Amino acid sequence: MSSQEIPEENLPSKQETEHGSVAVTEENPFADPGLPPHEHRVQDIDERAARRSERAVAFMFTLSMIATVGFIASYVAIPADKSVFIWPIGHISGLNFALGTTLGVALFCIGAGAVHWARTLMSDVEMTDERHEIAAEPEVRAKVMADFKQGAEESGFGRRKLIRNTMFGALALVPLSGVVLLRDLGPLPEDKLRHTKWAKGKMLVNMNTHEPLRPADVQVGSLTFAMPEGMSEHDHDFQTQIAKAALMIVRIQPENIKDKRELEWSHEGIVAYSKICTHVGCPISLYEQQTHHVLCPCHQSTFDLSDGARVIFGPAGHALPQLRIGVNEKGYLEAHGDFEEPVGPAFWERG
C-alpha cells in the first residue's frame, strides 16, 4: 500500500517526524570528509636527506647512460651468431641477451629515477580544485600558468642541476639505441653471400656418415648430401654455413649429361650442385632417377641435373650453382674451389 492510500490522520505529524521514533536526520550523508593533515617527508625537513635522494636519482640517470653506451657497444662488438650459456635458460644468443639487458636497464633506470625524484623531492602537498567549465577562462589559464611555474619551482628542476643534467643526458642517449639498429640497412654483409666454406682441396664429407666420399660411394641413380671437410654440427656458426654450403651429389652416365660445362666440372658422371633452392632457399631433397630432375618440396621448383640444373618448372629464377669437383691423391672426392656464383635465392648484388 502506498502512502497516498493511507488516511491522512494515520500519517505521522511533523513533530512526530522530528522527535518520534521515525525521526529523519537532515545531515548530508555525502559530506566532504576533508583532507588528512599533511605529513612532511624526511627530505622536506632534512636537507642532507634531500641531497641523498638527489644523488640517488642522479646515479640512476647516470647508470641509464652507461647502459645505453653498453647497448651500442654490444651491437657493434658481439657477433650475431655467438651463443652463451645462461643458467637456467640454457644456450641463447649472446647479442640478443646483451641488447635486451642493457636496453632494459637503460629504460628502467630512467623510470625509476623519475619516480624516486617525484616521491622524495617534488612537492607532495595535496591540493583540491572545484569543477569548472571545460572552456577555460582567462583567469583559469593564468592560474594554470601560475601553478605550472609554482610546480616547476617546487620540483627543484632549476635548483637541482645535478638531477637535471643527468636526466637530460639519459634521455638524449636512449634514442641512440634505436639509431644504431639502422646499421643493418647499410652495405653490410659486404660479399659474405658470395662465399661458402668450399675451397680448393676440401674433401666432400657425407652428411649422414661424416666420412669422406669416394667415387665408388656414389651409385648411379642415388642422391647423396655432402658438406665441406672440417665442418662440425657443434660449431657455433654451423647452421649459417651449412645454409650456404649444403651439397647434393648425383651420378649420371656421362653420355646422358647434356651441358658441356657440367660434364667438365664432374668426375666420371658425378655432379655436385647446391642443395639450396634458388627460389626462397628451401633444401632440395626429391630426386627422380629416370629424368634426373630434382624437386623443391616447398614450391615445386624443378631442376634438370643432366642439363646444368636449369629450371624447367616452378617459380625459381635461375639454375642451381654447380661445384667443380675431382679426386685427390687418396682417391677421395674434393672441391676444386668455391661456387662461382652466390647460392640460394637471388639477391641485389647478383651479377
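In short, a report on the structure. Note that the coordinates shown come from a computational prediction; the quantities given were computed from them, not determined experimentally. (Residues numbered from 1 in each chain as written. Predicted model: local features only at pLDDT ≥ 70, side-chain atom pairs only at ≥ 80, totals over all residues. Heavy atoms only, no water.)

1. Looking at a nonpolar patch on the surface
Convention followed: Residues forming no salt bridge and having over 30% relative accessible area are the ones grouped into patches, like charges within 9 Å of each other and nonpolar side chains (Val, Leu, Ile, Met, Phe, Trp, Tyr) within 5 Å. Note on areas: Shrake-Rupley with a 1.4 Å probe; residue coverage comes only from the protein chains shown. Salt bridges are defined by distance alone: a side-chain nitrogen of Lys or Arg within 4 Å of a carboxyl oxygen of Asp or Glu. The secondary structure listing takes helices from DSSP runs of H or I that are at least 4 residues long and strands from runs of E that are at least 2 residues long, numbered from the N terminus.
A cluster of nonpolar side chains, Phe-59, Leu-63, Ile-66 and Val-105, forms an exposed patch at the surface whose accessible area comes to about 350 Å². When residues in the nonpolar patch are grouped by element, the largest group, three residues, is from helix 3 (residues 47–77).

2. Some words on the environment of Arg-160
Threshold: With a 1.4 Å probe rolled over the protein chains alone, any residue whose accessible area is under 20% of its type maximum counts as buried; one over 50% counts as exposed, and the rest are partly exposed. Contact definition: two residues touch when any of their heavy atoms are within 4.5 Å.
Checked against the element boundaries, Arg-160 lands in the loop between helix 5 (138–155) and helix 6 (161–173). Residue Arg-160 is classed as buried on the basis of its relative accessible area of 6%. The contact partners of Arg-160, leaving out residues within four places of it in the chain, are Glu-47, Ala-50, Glu-54 and Leu-121.

3. Notes on the nonpolar core
Put simply, the rule is: What makes a nonpolar core is a set of buried Ala, Val, Leu, Ile, Met, Phe, Trp, Tyr and Cys residues whose side-chain atoms join them at distances within 4.5 Å.
In this structure, Met-248, Ile-284, Val-294, Leu-305 and Leu-320 are the most contacted members of the largest nonpolar core, which totals 18 residues. Residues within four places of Ile-284 in sequence aside, it is in contact with Phe-225, Met-248, Lys-275, Cys-277, Val-294, Leu-295, Cys-296, Pro-297, Phe-303 and Leu-320. Counting 16 residues, the second-largest nonpolar core is a separate cluster that includes Trp-198, Leu-247, Ile-270 and Ile-325.

4. As for the side chain of Asp-307
The cut-off we apply is this: For the purposes of these results, a polar contact is taken to be a pair of N or O atoms within 3.5 Å, where, inside protein, one atom must be able to donate a hydrogen and its partner to accept one; residues adjacent in sequence count only when each atom of the pair is a side-chain atom.
The residue Asp-307 is located in the loop between strand 9 (302–304) and strand 10 (310–313) in this model. Of the polar contacts made by the side chain of Asp-307, one reaches the side chain of Arg-310; its length is 2.5 Å. Not counting residues up to four positions away in its chain, the partners in contact with Asp-307 are Lys-258, Asp-259 and Glu-262.

5. Regarding the pairing of strand 6 (residues 270–274)
We count it as follows: Each pair of strands is called paired provided DSSP finds at least two bridges between the two strands.
Here strand 6 lies mainly inside the structure; five of its five residues are buried. Here strand 6 shows no split at all, with Ile-270, Ala-272 and Ser-274 on one side and Val-271 and Tyr-273 on the other all buried. Across five bridges, strand 5 (residues 247–251) lies against strand 6 in antiparallel orientation. Bridge assignment links Leu-247 to a residue of strand 6, and that residue is Ser-274. Sheet topology note: the strand 6/strand 11 (residues 322–323) ladder contains two bridges and is antiparallel. The residue of strand 11 that forms the bridge with Tyr-273 is Gln-322.

6. Points about the state of the cysteines
How we decide: Disulfide assignment relies on a single distance test, namely cysteine sulfur atoms paired within 2.5 Å.
Going through the model one piece at a time under the given rule, you end up with one disulfide. Across a sulfur-sulfur distance of 2.3 Å, Cys-282 and Cys-298 are joined as a disulfide pair. Classification of the bridge connecting Cys-282 and Cys-298 rests on its S-S torsion, roughly -105 degrees, and on that basis the disulfide is left-handed. With a gap of 16 residues between them, Cys-282 in the loop between strand 6 and strand 7 (286–288) and Cys-298 in the loop between strand 8 (293–295) and strand 9 connect regions that are remote in the sequence. Accessibility expressed as a relative area gives 12% for Cys-282, which makes it buried. The thiol of Cys-277 is unpaired, and the distance to the nearest cysteine sulfur, on Cys-296, comes to 3.8 Å. Taking the relative accessible area as the measure of exposure, Cys-277 reaches 1% and is therefore buried. A relative accessible area of 2% means that Cys-296 is categorised as buried.

7. Some words on the packing of helix 3 against helix 6
Cut-off, in case you're wondering: Axes here refer to lines fitted to C-alpha atoms; in helices the fit is confined to the stretch in contact. Angles between the N-to-C directions go from 0 to 180 degrees. With respect to orientation, any angle under 35 degrees is reported as roughly parallel, any angle over 145 as roughly antiparallel, any angle of 65 to 115 as roughly perpendicular, and every other angle as oblique. Here a crossing is called left-handed whenever its near helix is offset anticlockwise from the far helix by less than a right angle, and right-handed whenever the offset is clockwise.
The interhelical angle for the contact between helix 3 and helix 6, taken along N-to-C directions, is 20 degrees, at an axis separation of 8 Å. It follows from the interaxial angle that helix 3 and helix 6 lie roughly parallel. Note on packing geometry: the crossing formed by helix 3 with helix 6 is left-handed. Residue-level inspection shows Glu-54, Val-57, Ala-58, Phe-61, Thr-62, Ser-64, Met-65, Thr-68 and Val-69 of helix 3 in contact with helix 6, the latter providing Lys-161, Leu-162, Ile-163, Thr-166, Met-167, Gly-169, Ala-170 and Leu-173.

8. Some details on unusual backbone geometry
A cis amide bond links Trp-87 with the next residue in sequence, Pro-88, at an omega value of 0 degrees. The backbone of His-210 sits at a positive phi, close to 60 degrees, despite the residue not being glycine. Among the secondary structure elements, His-210 is positioned in the loop between strand 3 (204–206) and strand 4 (223–228). We note that His-292 has phi near 65 degrees; this positive angle belongs to a residue other than glycine. Tracing the sequence through the fold places His-292 in the loop between strand 7 and strand 8.

9. Re the packing of aromatic side chains
This is how the line gets drawn: Whether two aromatic rings pair depends on their centres lying within 6.5 Å, for rings of Phe, Tyr and Trp, where Trp uses its six-membered ring; planes under 30 degrees apart make the pair stacked, over 60 edge-to-face, and the rest tilted. Look at NZ for Lys and CZ for Arg. If either is within 6 Å of the ring centre and within 35 degrees of the ring normal, a charge sits over the ring.
The final tally for this structure, using the stated rule, is zero aromatic pairs. Geometry around Tyr-332 places Arg-214 over its ring, the cationic atom sitting 4.1 Å from the centre. In this structure, Arg-261 packs its charged tip against the face of Trp-265, placed 4.1 Å from the ring centre.

10. Remarks on the side chain of Ser-306
The topology assignment puts Ser-306 in the loop between strand 9 and strand 10. Within the local environment of Ser-306, its side chain forms a polar contact with the side chain of Asp-304, the two groups lying 2.7 Å apart. For Ser-306, the contacting residues outside a window of four places in its chain are Ile-252, Asn-256, Ile-257, Lys-258, Asp-259, Glu-262, Thr-291 and His-292.

11. A word on the pattern of salt bridges
A side chain of one charge can pair with a side chain of the opposite charge when the charged atoms of the two come close. Scanning the model with the defined rule gives 11 salt bridges in all. Linking Asp-124 and Arg-41 is a salt bridge whose minimum nitrogen-to-oxygen distance equals 3.7 Å. Of the two residues, Asp-124 is situated in the loop between helix 4 (94–120) and helix 5 and Arg-41 in the loop between helix 1 (14–19) and helix 2 (42–45); the sequence distance between them amounts to 83 residues. Note on Arg-41: relative accessible area 13%, which makes it buried. Where Arg-48 meets Asp-46, a salt bridge forms, and the shortest distance between an N and an O atom there is 3.8 Å. For Arg-48, a relative accessible area of 63% puts it in the exposed group.

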